[in-house]
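# Architecture and fold: a report
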Amino acid sequence: WALRSHGSSTSSSLSRSSRSVDARRCAHRGVGSFRVIATQYTTPSPAPLENVTRASLRMYKGEHKYVSDNARPADAFLTTVDALTSAAIDRDVTSFLQQPAISLQLVRFAEFVSEEEYIRPLDEWEPSPIPDMSAMDGVSFEELRMLSVSYGQEQFDSLVRHLIVRYDDAAPEHLIRAFSPFYGLAGAEHWARAESPFVNPKNWEMCRRFCRVLVDVGAGGSAAAACKRELCPTLTKSMVHAFMTYEPSESMPGFGRAREAVNPLTALRSAQVSELGGSSSMSRSAYASILGQTLGDAEEEAFAQKALEFCITREKELSNVDSSAFLNYLMATYRTSLMEEGETFS
């Protein structure tokens, strides 16, 4: 979407770029004192996608061990991005290519999943048609923007399910969000800032670990085995079941809308707390603490689960204590002990 006032020759960088817009597909409509121009990309490299792809390639050159050990070869990654983008353009469903946060999901899909892991061929993907928003009268600009984001997410979700999920009920919605920058960060509204808060090694690692669970489960593998391998080795079967069947409540603390709480990290913490016997109040504390923002390595996650259990079994004793702050203190003490030679923390 590009916005400009009547009679003005000034437009956004997107509307000025003749390379990114097919004029034959522009639909004009009046909204108050502004004219909204609906544009559709017809090149395989819209600005948001280019920006995030370049940022990912820069991250590969860093010194983060997990990234260097697990990143796909750059040529293979870029080939996959091109193939996915071309498939969207060929089917005239390019909404998600124009959305910064959704473009990041496509890039991360290409980073985490190889073509050999596809269950179905890419050329057989048949996304649902998107309504013509230029014909929607009486709809505000903000409502149109939100519809565009929603339709874009639906397109991307259908692509993921087609490629790596054998049966629809095998992968819950929060696992499909494994490719999202989901840990406590609001989506970027402008493509120029899209990569700055999200494309970082720790977030990349967390997304990839949840993604590997999705790939295994989507192919019909064991959810318990995948979750214990990728997330936390001390997860119980009941915790894995609660994780796979997680449903967010109508009002989630720290989230503007319930839909924003649909992410795998929130689902994991909720499953751990509920199966350890914790209350909804303790779940809120876990979401608000560092545990609602990060996923540690196997040893740290095992300790984090013990910290949750400690707080839950003493919930009444800690009734006058900010449990989220206490969890932060325990995790900080654990991490500090790792930096002190000869010190251990149990």
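All values derive from a computational prediction rather than experimental measurement.

### Observations regarding the overall build of the chain
Helix and strand counts for the chain stand at 15 helices and 3 strands. Long-range contacts, defined here as pairs at least 24 residues apart, represent 71% of the contacts in the chain between residues at least 6 apart. As displayed, the chain has an accessible area near 16,800 Å², and 50% of this comes from carbon and sulfur atoms.

### Let's talk about the packing of helix H12 (residues 264-275) against helix H14 (residues 298-313)
To characterise two packed helices, one gives the angle between the axes of the helices and the distance between these axes. Axis separation between H12 and H14 bottoms out at 10 Å; the angle between their running directions is 50°. In terms of orientation, H12 lies oblique with respect to H14. Considering only the axes of H12 and H14, their crossing is right-handed. Contact with H12, carried on its side by Leu-268, Arg-269, Gln-272 and Val-273, involves Glu-301, Gln-305, Leu-308 and Ile-312 of H14 and no other residues of that element.

### Topic: the nonpolar core
Residues Phe-109, Ile-164, Phe-179 and Phe-243 are the most contacted members of the largest nonpolar core, which totals 63 residues. Broken down by element, this core gets its largest block of residues, 9 residues, from helix H9 (residues 201-218).

### Overview of the packing of aromatic side chains
For the structure on display, the rule yields 10 aromatic pairs. Ring geometry for Phe-109 and Tyr-118: centres 6.2 Å apart, planes at 35°, overall tilted. We note that Phe-109, like Tyr-118, is buried. Arranged with centres 5.1 Å apart and planes meeting at 75°, the rings of Phe-112 and Trp-204 form a pair that is edge-to-face. Taken together, the residues Phe-112 in helix H5 (residues 100-112) and Trp-204 in helix H9 connect sequence positions 92 residues apart. Joined through ring pairs, the aromatic side chains of Phe-109, Tyr-118, Phe-156 and Phe-179 make up one cluster.

### Some details on the environment of Glu-275
By the element assignment, Glu-275 lies in helix H12. The exposure class of Glu-275 is partly exposed, given its relative accessible area of 37%. For the pair Glu-275 and Thr-236, spaced 39 residues apart in sequence, the C-alpha to C-alpha distance is 8.6 Å. The residues contacting Glu-275, other than those within four sequence positions of it, are Ser-238, Met-239 and Ala-242.

### Some words on empty space enclosed by the protein
Applying the stated criterion to the full structure yields 1 cavity of 30 Å³ or more. By volume, the largest cavity amounts to about 30 Å³. Forming the walls of the largest cavity are Arg-269, Ile-290, Leu-291, Thr-294, Gly-296, Glu-300, Glu-301, Met-331 and Arg-335. At the level of secondary structure, the elements contributing two or more residues to the lining of the largest cavity comprise H14 and helix H15 (323-339).

### Remarks on the pattern of salt bridges
Close approach of charged atoms allows side chains with opposite charge to pair. For the structure shown, the criterion picks out 13 salt bridges. Residue Asp-216 pairs with Arg-229 through a salt bridge whose shortest N-O separation is 2.6 Å. Residue Asp-216 is located in helix H9, and its partner Arg-229 is located in helix H10 (residues 223-230); the two are separated by 13 residues in the primary sequence. Take Asp-216: its relative accessible area is 25%, and that puts it in the partly exposed class. Given the relative accessible area of 48%, Arg-229 is considered partly exposed. Two residues, Arg-229 and Glu-230, come together in a salt bridge whose shortest N-O distance is 3.1 Å. By sharing partners, the salt bridges in this structure join Asp-157, Glu-173 and Arg-177 into a single network.

### Considerations on the environment of Asp-92
Take Asp-92: it is sitting in the loop between helix H4 (74-90) and H5. The exposure class assigned to Asp-92 is partly exposed, which follows from its relative accessible area of 41%. Taking C-alpha positions, Asp-92 is 8.9 Å from Pro-129, a pair spaced 37 residues apart along the chain.

Cut-offs and rules
Residues numbered from 1 in each chain as written. Predicted model: local features only at pLDDT ≥ 70, side-chain atom pairs only at ≥ 80, totals over all residues. Heavy atoms only, no water. Helix = DSSP H or I, 4+ residues; strand = E, 2+ residues; numbered from the N terminus. Contact = heavy atoms within 4.5 Å. Areas by Shrake-Rupley, 256 points an atom, 1.4 Å probe, with all protein chains shown as cover. Axes fitted to C-alpha atoms, helices over the stretch in contact; angles between N-to-C directions. Parallel < 35°, antiparallel > 145°, perpendicular 65-115°, else oblique. Left-handed = near helix turned anticlockwise from the far one by under 90°. Core = buried A, V, L, I, M, F, W, Y, C linked by side-chain atoms within 4.5 Å. Buried < 20%, exposed > 50% of the residue type's maximum accessible area, 1.4 Å probe, protein only. Phe/Tyr/Trp six-rings, centres within 6.5 Å; stacked < 30°, edge-to-face > 60°. 1 Å grid on protein atoms, 1.4 Å probe; cavity = no way out; pocket = protein on both sides within 12 Å on 5 of 7 lines; lining within 4 Å. Points joined across faces, edges and corners; volume = space filled by probe spheres on them. Salt bridge = Lys/Arg side-chain N within 4 Å of Asp/Glu carboxyl O.

None of the figures reported here should be taken as evidence of function without further support.
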